[in-house]
Amino acid sequence: MSMLISLFSAACVLAGVFFFIAGTLGLLRFGDTLSRVHALTKADNLGLGLIALGLLPLVDGIADALKLVVIWALVFLGGTTAAQLVALAVRREQDPPP
Amino acid sequence: MTALLLDLPLALGLFGAGAATLLARSLFGAVLGFISTGLIATLVWVRLEAPDVALTEAVIGAAATSVIILYVASRIGNRATPPAPPPIAQRVLAGILSALLAVLLAHALFSLPEPAPSLAAPVLDNIAPTGLGNPVTAVLMAHRAIDTLLESAVLVFAVFAIWSMAPERRWGRAPGPAFMAEAHGPLAFLAKVLPPIGIVIGVYIAWVGADAPGGKFQGGAVLAAMWVLPWIAGLVAPPSISDMRLRLAIAAGPLVFLMVGLMGFAVAEGFLAYPPGYAKTLILLIETAMTLSVAAAMACMIAGPPERRARP
């Protein structure tokens, strides 16, 4: 049972790290701002989400698990809002309101 | 081996971020470098097993300071003519002095006696009378309370200094620029959703400081962010800088601290001494007032002096 949990954790964390690396590569390599924002939000949401999911079975106590979920939710909320704001700024630059 | 795998990228990253800050061609790039340096320094403190310092670095160094300089950079960037770079002789001199300082610091670090001198053991031996579980808080609030008292007064003077930048005719207005409200924008959404959660987290960080990493500065900074966010989103207007409630909130922490300190003459051994058995109660009283003051003062520092200019 504990072997299965370890495997699950390792798989989730590795998948999360993969999304972080992919997101970072996208941020560095993509040409336009909107694509870069897209790459970055993948790292924030999926990357951190998978790492948090992988760590969940390893923490002791429901309070620590809850903290992990809250951290992920807050980064999710902050990252999403920042992405929306950047996208709005790009749109205003492309066709400024009259 | 694992330690090296973790520490080497951190050390190189810290150097890299510092170099990127100094060598950045644009002001905005330099600010981003500074923010990255703060974030990596936070991780370095975590690796050095100093979570209290890491929390402070994250909240004050990487977050609050970054917001302030990002705002300043965006305003300077709008100017037509950038300031002229200093003359070459001044830059060379600054470089030589910095290199000299680095060498001296490295020399001091490498000539430390083994084991390094530490007061950690006496602090842990004398933690019981304070009723606290976190030795860092015991040092800040009991053993070296005078330093923390002076530190808390600095916040009030910083707000004075910022407010005195306001032109005469704007005195008595609300701090900071006037932000336009966007009723359905993403920022307005965040400013409505986040504060209830953030206030609980800020109070929790301040409260847990008695027994675990956390405390008034870290918790107060989170509360300040939760106060500033609805201002920036244009949902609420900040109070006027001549509002007595705002001024009292900023001064409450140092005032309570000073009063408890003076009370020490009457009921304990002297200035800033706590009567036996009441140490934790009094420390919590000071911490509560200080959390309020840190939140109010930092919110005013981030907002800046009163100005009329509206930002969309």
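Cut-offs and rules
- Residues numbered from 1 in each chain as written.
- Chains lettered and ligands numbered in written order.
- Predicted model: local features only at pLDDT ≥ 70, side-chain atom pairs only at ≥ 80, totals over all residues.
- Helix = DSSP H or I, 4+ residues; strand = E, 2+ residues; numbered from the N terminus.
- Buried ≥ 20, exposed ≤ 12 C-beta atoms within 10 Å, placed from the backbone.
- Contact = placed C-beta atoms within 7 Å.
- Nonpolar A, V, L, I, M, F, W, Y, C, P; charged D, E, K, R; others polar.
- Axes fitted to C-alpha atoms, helices over the stretch in contact; angles between N-to-C directions.
- Parallel < 35°, antiparallel > 145°, perpendicular 65-115°, else oblique.
- Expected span 1.5 Å × (residues − 1).
- Left-handed = near helix turned anticlockwise from the far one by under 90°.
- Core = buried A, V, L, I, M, F, W, Y, C linked by C-beta atoms within 7 Å.
- pLDDT = per-residue confidence, 0-100.

1. Looking at the overall build of chain B
Item 1. On a plain count of helices and strands, chain B comes out with 11 helices and two strands.
Item 2. When the helices and strands of chain B are placed in sequence order, the string is α-α-α-α-α-α-α-β-α-α-α-α-β.
Item 3. Oriented by its inertia axes, the alpha-carbon framework of chain B measures out at about 60 × 50 × 40 Å.
Item 4. Buried positions account for 31% of the 312 residues belonging to chain B.
Item 5. The long-range share in chain B, meaning contacts at least 24 apart out of those at least 6 apart in sequence, stands at 75%.

2. Here's the deal with the overall build of chain A
Item 1. Across its full length, chain A holds three helices and zero strands.
Item 2. Reading chain A from its N end, one meets helices and strands in the order α-α-α.
Item 3. Based on the C-alpha atoms only, the size of chain A along its principal axes is roughly 60 × 30 × 15 Å.
Item 4. For chain A, with 98 residues in total, the buried portion stands at 14%.
Item 5. For chain A, long-range pairs separated by at least 24 residues make up 63% of all intrachain contacts whose partners lie at least 6 apart in sequence.

3. Some details on the interface of chain B and chain A
Item 1. Counting residues at the interface gives five residues for chain B, matched by four residues for chain A.
Item 2. Of the residues contributing to the side of chain B that touches chain A, the split by class is five nonpolar, no polar and no charged.

4. Focus: the packing of helix 2 (residues 27-47) of chain B against helix 3 (residues 51-77) of chain B
All names here are of chain B.
Item 1. Between helix 2 and helix 3, whose axes approach to 8 Å, the crossing angle comes to 175°. By the angle between their axes, helix 2 is roughly antiparallel relative to helix 3.
Item 2. For the contact of helix 2 with helix 3, the class distribution of residues is 18 nonpolar, five polar and one charged.

5. Focus on helix 4 (residues 88-110) of chain B
Item 1. Taking 1.5 Å of rise per residue, 23 residues should cover 33 Å, and helix 4 of chain B covers 33 Å from first to last C-alpha, within 8% of that figure.
Item 2. Where burial is concerned, little of helix 4 of chain B is hidden: zero out of the 23 residues are buried.

6. A short note on the packing of helix 9 (residues 216-232) of chain B against helix 11 (residues 279-303) of chain B
All names here are of chain B.
Item 1. Look at helix 9 against helix 11: their axes get within 7 Å of each other, and the N-to-C directions meet at 45°. As the angle between them shows, helix 9 and helix 11 are arranged oblique. Relative to helix 11, the crossing made by helix 9 is right-handed. Between helix 9 and helix 11, the contacting residues are Lys-216, Phe-217, Gly-219, Gly-220, Ala-221, Leu-223, Ala-224, Trp-227, Val-228 and Trp-231 on the first element and Glu-287, Met-290, Thr-291, Val-294, Ala-295, Met-298, Ala-299, Ile-302 and Ala-303 on the second.
Item 2. In the contact of helix 9 with helix 11, the residues fall into 14 nonpolar, three polar and two charged.

7. Focus: the environment of Val46(B)
Residue and element names in this part refer to chain B.
Item 1. The residue Val-46 is located in helix 2 in this model.
Item 2. Classification of Val-46 as partly exposed rests on a count of 16 C-beta atoms within 10 Å.
Item 3. Discounting residues that sit within four places of it in the chain, Val-46 has contacts with Pro-51 and Ala-54.

8. Re the nonpolar core
Item 1. Formed by 65 residues in total, the largest nonpolar core has its most connected members in Ala224(B), Met298(B) and Ala299(B).
Item 2. The set of elements that each furnish at least two residues to this core consists of helix 2, helix 3, helix 6 (135-143), helix 7 (145-163), helix 8 (186-208), helix 9, helix 10 (244-267) and helix 11 of chain B.
Item 3. The dominant element in this core, judged by the number of residues it contributes, is helix 11 of chain B, at 17 residues.
Item 4. Ignoring anything within four residues of it in the chain, the contact list for Ala224(B) reads Ala295(B), Met298(B), Ala299(B) and Ile302(B).
Item 5. Residues Phe19(A), Val37(A), Leu50(A) and Ala52(A) belong to the second largest nonpolar core, which totals eight residues.

9. Topic: helix 2 (residues 33-55) of chain A
Residues and elements named next belong to chain A.
Item 1. Its 23 residues place the ends of helix 2 32 Å apart at the C-alpha level, agreeing with the 33 Å of an ideal helix rising 1.5 Å per residue.
Item 2. What helix 2 keeps buried is the set Val-37, Leu-40, Thr-41, Ala-43, Asp-44, Gly-47, Leu-50, Ile-51, Ala-52 and Gly-54.
Item 3. Residues of helix 2 that are buried make contact with helix 1 (2-29) and helix 3 (62-94).

10. Topic: unusual backbone geometry
Leaving glycine out, the prevailing phi sign among residues is negative, and the prevailing peptide bond configuration is trans.
All names here are of chain B.
Item 1. Look at the link from Glu-114 to Pro-115: it is a cis peptide, with omega at -5°.
Item 2. Topologically, Pro-115 is positioned in the loop between helix 4 and helix 5 (120-125).
Item 3. The residue Glu-49 is not glycine, and still its phi comes out positive at about 60°.
Item 4. Take Glu-49: it is sitting in the loop between helix 2 and helix 3.

11. Regarding the confidence of the model for chain A
Item 1. The predicted model of chain A averages 87 in pLDDT, with 96% of residues at 70 or higher.
Item 2. Here helix 2 of chain A is the element of chain A with the lowest mean pLDDT, 87, and helix 1 of chain A is the one with the highest, 90.

12. A closer look at the environment of Asp32(A)
Item 1. Tracing the chain through its elements places Asp32(A) in the loop between helix 1 and helix 2.
Item 2. Given 9 C-beta atoms within 10 Å, Asp32(A) falls into the exposed group.

13. Looking at the confidence of the model for chain B
Residue and element names in this part refer to chain B.
Item 1. Per-residue confidence for chain B gives a mean pLDDT of 87; residues scoring 70 or more make up 96%.
Item 2. By mean pLDDT, strand 2 (residues 310-311) is the weakest element of chain B at 47, and helix 4 is the strongest at 93.
Item 3. Complex prediction metrics read pTM 0.86 and ipTM 0.82.

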